[in-house]
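A structural walkthrough
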Amino acid sequence: MTRFSRSRTSATLAATAFLAAAPLAGATTASATTASDCQTATVQYRIVDADGNPVGADWTSQGGFHQWDSAPGTVEVRLAPGQNVGAGCTYPVSLAEYTTEGSNWYTSGHQTLVDHATVYLTADDVAGSDDAKRTWQKLAVKSPDCYGQIDLYGDDVVYDGKPGDGHGPAPYEPGNVVTPYHLIAAWNGGDKACTPAQPESPTPSASTPASQPPAPETSAPATPTPSTPASSTPPASSSTPPTTSHVPPMKTPPPTTPAPSPSTSTPPLAETGASSSTPLIAGGAALVIALGAGTLYATRRTRKS
């Protein structure tokens, strides 16, 4: 075999190995699917009783703060009709119940989370012309037996004041902490305090000697500060937190979605990083190196002969 033939054979083998490995290398390239096509959606709600019958007004998107006659324990939610919602779009809606220090927002003070529930609305929850026999997703929380507030809002964050992902600051009116965010509507009420009142002064001990002289009187301060009585009337500069029925879409899948089992899972639309094709790519690279080394060895041996 001539030197030209040997060179041509070596080039042919190298090219063949490269072409065999090229499809494997290209298997790592993929485009990720995002939720950029999902737009803000309008949520409707209604309060229902234990039998699922509407209490008061039917479906509405009206926001604001409302005083309850009886606490809304169960709320049904859906997406308003006439909306074009993509198949991959998800909208979280939550209901949270808090105990408060008063019967309305202005006297609510510190709020303590008691119960919380979340559902995830999709294109299947858009209202339409065939709603007579449809069931809607329900949010249910405990009914407070004292001063309380119930919030309906458009995300799945738990606003309980705890740290970490998925948690947010608890509502607090004097501190102007107007959570939850994406508040759709809220209800306040109750007719008694949630904790017993503390005594104004301690009870004197029965073992105090009768002959003990009374404590000396203290003089009043020169400029006393008058105390402000508690009032349910809102201050002139105060207002309730803003509400809206427009809920943003989730950017990640709902956390309650179970992971598919390995035997029934299907590959995602797109993947990034290492994947199941990594061993094939490594094998292709090893094949290229082996063929190159074999070609070089054969060429040197032929030259020596």
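Numbering of residues starts from 1 in each chain and follows the order in which that chain's sequence is written. In keeping with the model being predicted, local features are shown solely for residues with a pLDDT of at least 70 and side-chain atom pairs are shown and tallied solely at 80 or more, while totals for entire chains, interfaces and linings include all residues. Water and hydrogen atoms were dropped before computing side-chain values, which therefore reflect all heavy atoms in the structure.

1. Looking at the nonpolar core
The line we're drawing: The nonpolar core is taken to be a set of buried Ala, Val, Leu, Ile, Met, Phe, Trp, Tyr and Cys residues, with the residues joined through side-chain atoms within 4.5 Å. Burial here depends on accessible area, computed with a 1.4 Å probe over protein chains only, as a share of the maximum for the residue type. Under 20% is buried, over 50% is exposed, and the range in between is partly exposed. Each helix corresponds to a stretch of at least 4 residues labelled H or I by DSSP, and each strand to a stretch of at least 2 residues labelled E; elements are numbered beginning at the N terminus. Any two residues whose heavy atoms approach within 4.5 Å are treated as being in contact.
In terms of nonpolar packing, the biggest core is built from 26 residues, with V77, Y91, V93 and L152 touching the most fellow members. In terms of residue count, strand β1 (residues 41-48) provides more of this core than any other element does, 4 residues in total. Every residue in contact with L152, bar those within four places of it in the chain, is listed here: Y45, V75, V77, V93, S94, L95, L139, L183, I184, A185 and W187. Ranked by size, the runner-up nonpolar core spans 8 residues in total, among them A96, Y153, Y159 and L183.

2. A short note on the environment of A123
Locating A123 in the fold gives a position in the loop between β5 (112-121) and β6 (137-140). We classify A123 as partly exposed; its relative accessible area is 30%. The spatial distance from the C-alpha of A123 to the C-alpha of N84 is 8.0 Å, given a sequence separation of 39 residues.

3. Focus on the sheet that holds β5
Rule in force here: Strand pairing is assigned whenever DSSP identifies at least 2 bridges connecting the two strands. Axis definition: a line fit to C-alpha positions, over the contact stretch in the case of helices; interaxial angles, taken between N-to-C directions, run 0 to 180 degrees.
Spatial strand order, β2-β10-β7-β4-β5: 5 strands in an open sheet with mixed pairing. Because the sheet does not close on itself, it has two edges, and the strands there are β2 (65-67) and β5. Taken over all neighbouring pairs, the strand axes of this sheet differ in orientation by 15° on average, direction set aside. As paired elements, β2 and strand β10 (residues 183-189) share 3 bridges and run parallel to each other. Looking across to β10, one finds that F65 is bridged to A186.

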